Amino acid sequence: MKGIDYFAPPRLEEAVSLLRRYGKKAALMAGGTDFLLRLERGLVQPGVIVDLKKIRDLRGIKSNRAGLKIGAATLMDEIASSHLIQTRYGILAKGAAAVGSIQTRNRATLGGNLCNASPAADTASPLIALGGRARIAGAKRVREVPLEEFFLGPGKSCLQPNEILKEIFIPSPVQRSAGSFQRCTRTAMDIALVNCAVFLSLASKGGVVQDIRIVLGAVAPTPVRVQAAEDVLRGKNPDEKTIEEAADCAAAGVRPIDDVRSSASYRRAMVRVLTKRAIEEALREAGGEA
Amino acid sequence: MARRTKRIRVTVNGERYEKEVSPSKSLLDFLRMDLNLTGTKEGCGEGECGACSIIMNGKLVDSCLILTVEADGQKIQTIEGISRHDRLHPLQKAFAEKGAAQCGYCTPGMIMAAKYLLDHNPSPTAEQVLKAIAGNLCRCTGYGSIVDAVLSAAKER
Ligand code: FES
Ligand code: FES
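Residues numbered from 1 in each chain as written. Chains lettered and ligands numbered in written order. Predicted model: local features only at pLDDT ≥ 70, side-chain atom pairs only at ≥ 80, totals over all residues. Heavy atoms only, no water.

S.K.: What am I meant to see in the overall build of chain A here?
M.R.: Along its length, chain A carries eleven helices and 14 strands. Scaling as 2.2 N^0.38, a compact globule of 290 residues should have a C-alpha radius of gyration of about 19 Å, and chain A matches this with 19 Å. In terms of its C-alpha atoms, chain A occupies a principal-axis envelope of roughly 60 × 45 × 30 Å. Classification of the 290 residues of chain A by burial places 57% in the buried group. Sequence-distant contacts in chain A: of pairs separated by 6 or more residues, those separated by 24 or more amount to 60%. Put simply, chain A shows about 12600 Å² of open surface, and 48% of that area lies on carbon and sulfur atoms. Distance between charge centroids for chain A: 6 Å, based on 43 positive and 30 negative side chains. (Helix = DSSP H or I, 4+ residues; strand = E, 2+ residues; numbered from the N terminus. Rg over C-alpha atoms; globule rule 2.2 N^0.38 Å. Buried < 20%, exposed > 50% of the residue type's maximum accessible area, 1.4 Å probe, protein only. Contact = heavy atoms within 4.5 Å. Areas by Shrake-Rupley, 256 points an atom, 1.4 Å probe, with all protein chains shown as cover. Lys, Arg positive; Asp, Glu negative; His and termini not counted. Charge placed at Lys NZ, Arg CZ, Asp CG, Glu CD.)

What follows is the structure, encoded as structure tokens:
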């Protein structure tokens, strides 16, 4: 850790040009709750740290007709306690509130949670369910990627070496839509064993499911959408049997691992339970039966 | 080549400091070693135990997971800064009275977490107290006396 240099540029362009200047030697940091651990353990050995927290353009929550923009360096706690997010994008507020302790949420950022690309990231599943898109700044332009294509594997995102995640955009929810976020974990502060986010809309009050996204975290190398389970429900007015069928489908569609926290088979069983719960709750909230 | 140190300015417990620090030094080490404020403890050094909790710009944070250079221009409060002259903070008194400190190692962090709670929610329920200290581990007390102390301090204030 000798001779590390540190920059906290006030503008995004400066951060991008620092990345270009230092190449592989540079490491980006936002809240640092994950990065500093890896630095301490020698898992990363950067020559230069580029701290993104001073960049105004990366902070804050803004909404308009089209939807919601959240700067990548916005704090987890700001997201968890934002009234706007709690009321209109509730599953994201719940996901953010599930991250670590308050000490961590006061430091950790949304962009950091996503860019670390942990399969268990608690904000990733809700954001994918909500149809979120990542806006990524490079040297020349900003490109947009659906969040479900953002993650490539554990610790791997689609960010190129000179790129910085700028913000997340979430389209405004359509009428009669609602979601649910469920997770199970060993202790209050631990990362999720499994998490599940569902977001759906109904064609009419009490009517058929028009659109639905079911997203699972911690059961595959990346957060995953289980489209087979979505297909079971789309266009239907689901009864208990259909919901169970969708939950079975979700459990069959994942590839959980055994690790110190839990066995694969327990995770798979929990996928079934959480998916069922999430579908039921989302249907109730949207004004359907169940 | 990279410079070895950076100059920073911080306000800690109302006092202003200007220092040269290594960019890789944690804020916890800076407080303890450079400023001699050893009330803030290191338990895990990994953001798990909360022993190093401080309040920076009004937010409760783990100082072990912050670089000193990140604190440039910020206002910090540590356990040493919450008593007024020789009068203990109501939380400190309540912890003493309720036996909420046994070995005492978690206590400074616990009190900072409790203070952050009471600053935002002056009359919390027991459940809210437990939630507020979820990031602070105590190996001795079993938490019961800590919750009692926080609740009784809330009544005092
Ligand atoms: S020493 Fe900082 S959280 Fe344990
Ligand atoms: S009193 Fe010993 S760890 Fe809490």
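S.K.: In this structure, what is going on with the overall build of chain B? I would like to understand it.
M.R.: In terms of helices and strands, chain B carries five helices and five strands. Its helices and strands in sequence order give chain B the pattern β-β-α-β-β-β-α-α-α-α, from N to C terminus. Rg of the C-alpha trace for chain B: 16 Å, near the compact-globule value of 15 Å for 157 residues, within the 12% margin. For chain B, the spread of C-alpha atoms along the three principal axes comes to 55 × 30 × 25 Å.

S.K.: Would you mind showing me how to read the interface of chain A and chain B here?
M.R.: Tallying the contact residues gives 26 residues for chain A and 29 residues for chain B. At the boundary of chain A with chain B, total buried surface from both sides reaches about 2300 Å², with 57% on carbon and sulfur atoms. Inspection of the chain A/chain B interface yields four salt bridges. With a shortest N-O distance of 2.9 Å, Glu46 of chain B and Arg41 of chain A are connected by a salt bridge. (Buried area = accessible area lost by both parts, 1.4 Å probe. Salt bridge = Lys/Arg side-chain N within 4 Å of Asp/Glu carboxyl O.)

S.K.: I tried to follow the domain arrangement of chain B on my own but got confused; where do I start?
M.R.: It is common to report an interface's size as the accessible area lost on association of the parts. All names here are of chain B. On domain assignment, one finds that chain B holds domain 1 (6-81) and domain 2 (90-156). Domain 1 and domain 2 are separated by 21 Å when their C-alpha centres are compared. Contact with domain 1, which involves 16 residues of that partner, is made by 13 residues of domain 2. Taken together, the connections running from domain 1 to domain 2 amount to six residue pairs in polar contact (both at pLDDT 80 or more). For the side of domain 1 that touches domain 2, the elements supplying multiple residues, two or more each, are strand S3 (53-56) and strand S4 (59-62). Its residues assigned to classes, the side of domain 1 that touches domain 2 comprises five nonpolar, seven polar and four charged. (Domains from an automatic or database assignment. Polar contact = N/O pair within 3.5 Å; in protein donor to acceptor, adjacent residues only side chain to side chain. Nonpolar A, V, L, I, M, F, W, Y, C, P; charged D, E, K, R; others polar.)

S.K.: Help me understand the packing of helix H2 (residues 90-97) of chain B against helix H3 (residues 107-120) of chain B in this model?
M.R.: The packing of two helices is summarised by the inter-axis angle and the distance between the axes. All names here are of chain B. Contact geometry for H2 and H3: axes closest at 10 Å, N-to-C directions at 125°. As the angle between them shows, H2 and H3 are arranged oblique. Judged by the twist between their axes, the crossing of H2 over H3 is right-handed. Residue-level contacts link Leu91, Gln92 and Phe95 of H2 to Thr107, Met110, Ile111, Ala114, Lys115 and Leu118 of H3. (Axes fitted to C-alpha atoms, helices over the stretch in contact; angles between N-to-C directions. Parallel < 35°, antiparallel > 145°, perpendicular 65-115°, else oblique. Left-handed = near helix turned anticlockwise from the far one by under 90°.)

S.K.: When you look at the domain arrangement of chain A in this model, what are you seeing that I'm missing?
M.R.: Residue and element names in this part refer to chain A. As assigned here, chain A comprises domain 1 (5-51), domain 2 (60-171) and domain 3 (177-286). Taking only C-alpha atoms, the centre of domain 2 and the centre of domain 3 are 20 Å apart. At the interface, 22 residues of domain 2 touch 23 residues of domain 3. Of the roughly 1700 Å² buried between domain 2 and domain 3, counting both surfaces, carbon and sulfur atoms make up 64%. For the pair domain 2 and domain 3, the interface holds three salt bridges. The closest approach of N and O atoms between Asp122 and Arg183, which form a salt bridge, is 2.8 Å. Taken together, the elements giving at least two residues each to the side of domain 2 that touches domain 3 come down to helix H5 (90-97), helix H8 (124-129) and strand S8 (151-153). For the side of domain 2 that touches domain 3, the leading source of residues is H8, giving five residues.

S.K.: Teacher, can you tell me more about the packing of aromatic side chains here?
M.R.: For any pair of aromatic rings, geometry is given as the distance between the ring centres together with the angle between the planes. Summed over the entire model, instances satisfying the criterion amount to two aromatic pairs over all chains. Directly above the ring of Phe7 of chain A sits Lys6 of chain B, whose terminal nitrogen or CZ lies 5.0 Å from the centroid. (Phe/Tyr/Trp six-rings, centres within 6.5 Å; stacked < 30°, edge-to-face > 60°. Lys NZ or Arg CZ within 6 Å of the ring centre and 35° of its normal.)

S.K.: Is there a simple way to think about the confidence of the model for chain B in this case?
M.R.: Low-pLDDT portions of the prediction should not be read for the details of their coordinates. Of the residues in chain B, 98% have a pLDDT of 70 or more, and the chain-wide mean is 95. With a pTM of 0.93, the predicted complex shows an ipTM of 0.95. (pLDDT = per-residue confidence, 0-100.)

S.K.: Would you take a moment to explain the packing of H2 of chain B against helix H5 (residues 144-156) of chain B for this structure?
M.R.: All names here are of chain B. Look at H2 against H5: their axes get within 8 Å of each other, and the N-to-C directions meet at 135°. It follows from the interaxial angle that H2 and H5 lie oblique. In this structure, H2 meets H5 at a crossing whose hand is right-handed. Residues Pro90, Leu91, Ala94 and Phe95 of H2 pack against Ile146, Ala149, Val150, Ser152 and Ala153 of H5. By residue class, the composition of the contact of H2 with H5 is eight nonpolar, one polar and no charged.

S.K.: Help me understand the side chain of Ser201 of chain A in this model?
M.R.: Assignment of secondary structure puts Ser201 of chain A in strand S12 (residues 194-202). Taking the relative accessible area as the measure of exposure, Ser201 of chain A reaches 5% and is therefore buried.

S.K.: Could you clarify how one ought to interpret the nonpolar core in this entry?
M.R.: Residues and elements named next belong to chain A. Leu114, Leu147, Phe150, Ile168 and Ile170 are the most contacted members of the largest nonpolar core, which has 38 residues in total. Domain assignment of the residues forming this core places at least three in each of domain 2 (60-171) and domain 3 (177-286). Those residues in contact with Phe150 that sit more than four places away from it in its chain are Leu114, Cys115, Ala134, Ile136, Val145, Lys156, Ser157, Cys158, Leu159 and Leu165. Counting residues in hydrophobic clusters, the runner-up holds 32 residues, among them Leu193, Val198, Leu233 and Ala282. (Core = buried A, V, L, I, M, F, W, Y, C linked by side-chain atoms within 4.5 Å.)

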